[in-house]
Each structure stands twice: as C-alpha cells, then as structure tokens.
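Read off the chains here:
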Amino acid sequence: MQLVFGISDWMYMILNYCDDKLVTIITLTRNRARLLARAIKSILSQSYKNFEYIIIDGASSDNTDKVVHQFNDPRIKYLRLADNWPVPESIYYGFKKSC
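Residues numbered from 1 in each chain as written. Predicted model: local features only at pLDDT ≥ 70, side-chain atom pairs only at ≥ 80, totals over all residues. Heavy atoms only, no water.

Moving on, we get to the overall build of the chain. Across its full length, the chain holds 3 helices and 5 strands. For the chain, the α and β elements follow one another from N to C terminus as β-β-β-α-β-α-β-α. Across the 99 residues of the chain, 45% fall into the buried class. Taking as baseline every contact in the chain between residues at least 6 positions apart, the subset at least 24 positions apart corresponds to 56%. (Helix = DSSP H or I, 4+ residues; strand = E, 2+ residues; numbered from the N terminus. Buried < 20%, exposed > 50% of the residue type's maximum accessible area, 1.4 Å probe, protein only. Contact = heavy atoms within 4.5 Å.)

Here it is as structure tokens:
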C-alpha cells in the first residue's frame, strides 16, 4: 500500500508499506535545509520505529547534505540528484531505492 501526503509545495511524504511491516517514508526537498531538520526530527520521534527514511535532494545548492548528515541514524538514506527532477520521477526513484 502506498500513501502520498503533500506537506507543502516543496515536500511530499510518501509511505510505502513493505514486507515485515517496514514503512518507507520519502521526502523530496530542494534548497530547504533550514526546514529539513524539523522534518527529520519529526520522523525520528514517531512511536513506530520500523521504517526507512529516504530523503531525495533535488540538486540543492544550500547545505542540505550537512543537515541530513547531522543525524546519525541508519534508517536515513540520503540520495542527492545531480539535477532537479520532476516530482513523479523523483518519487519513482525513491521507491526503486526503498526496501
């Protein structure tokens, strides 16, 4: 089962339910380092802990990568794109890298 939530004009949360009740959460972001830490903290503070969190960076020119790497959690996968892809392609890429 897949659920897509439009959090704002720059962030989508996609939940993908995989085997063994593993949930995949995908966040798309570009040049939103100042807001991303809050999103990551929110995900990590959830009571359900069996998840992987994929953050897809659409070629940010800010310090998005440094913000993500502040969080030393093996459930976080940071994928930086060389170019800013359209949302559907970015989501598909995230699903291909999930579970």
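Moving on, we come to the packing of aromatic side chains. Counted according to the given criterion, the structure contains 1 aromatic pair. Seen in terms of ring centroids, Trp-85 and Tyr-93 are 5.2 Å apart; in terms of plane orientation they differ by 70°. Their pairing is edge-to-face. (Phe/Tyr/Trp six-rings, centres within 6.5 Å; stacked < 30°, edge-to-face > 60°.)

Attention now moves to the environment of Gly-58. Within the element layout of this structure, Gly-58 appears in the loop between strand E4 (51–57) and helix H2 (64–69). Separated by 24 residues in sequence, Gly-58 and Ala-82 place their C-alpha atoms 7.3 Å apart.

Turning to the environment of Val-23, a few remarks are in order. As for its position among the elements, Val-23 is in strand E3 (residues 23–29). Sequence separation between Val-23 and Ser-98 is 75 residues; the distance between their C-alpha atoms is 9.4 Å.

For the rest of this paragraph, the subject is the pattern of salt bridges. Once the charged atoms of two side chains with opposite charge are near each other, the side chains can pair. Applying the stated criterion to the full structure yields 3 salt bridges. A salt bridge links Glu-52 to Lys-77, with the shortest nitrogen-to-oxygen separation between them at 2.9 Å. With a gap of 25 residues between them, Glu-52 in strand E4 and Lys-77 in strand E5 (residues 76–80) connect regions that are remote in the sequence. A salt bridge links Arg-75 to Asp-73; the shortest N-O distance between them is 2.7 Å. (Salt bridge = Lys/Arg side-chain N within 4 Å of Asp/Glu carboxyl O.)

So, about helix H1 (residues 33–44). An α-helical turn contains 3.6 residues, so a residue and the one three or four places further along point in the same direction. The terminal C-alpha atoms of H1 lie 17 Å apart, and with 12 residues this matches the ideal 16 Å at 1.5 Å per residue to within 8%. Restricting attention to buried positions, one finds in H1 the residues Ala-33, Leu-36, Ala-39, Ile-40, Ile-43 and Leu-44. Buried positions in H1, seen along its axis, are confined to an arc of 130° and lie on one side of it. Of the exposed residues in H1, those oriented more than 90 degrees away from the buried face are Arg-34, Arg-38 and Lys-41. (Expected span 1.5 Å × (residues − 1). Arc of directions from axis to C-beta.)

Geometric descriptors of this kind do not, in isolation, establish any biological role.
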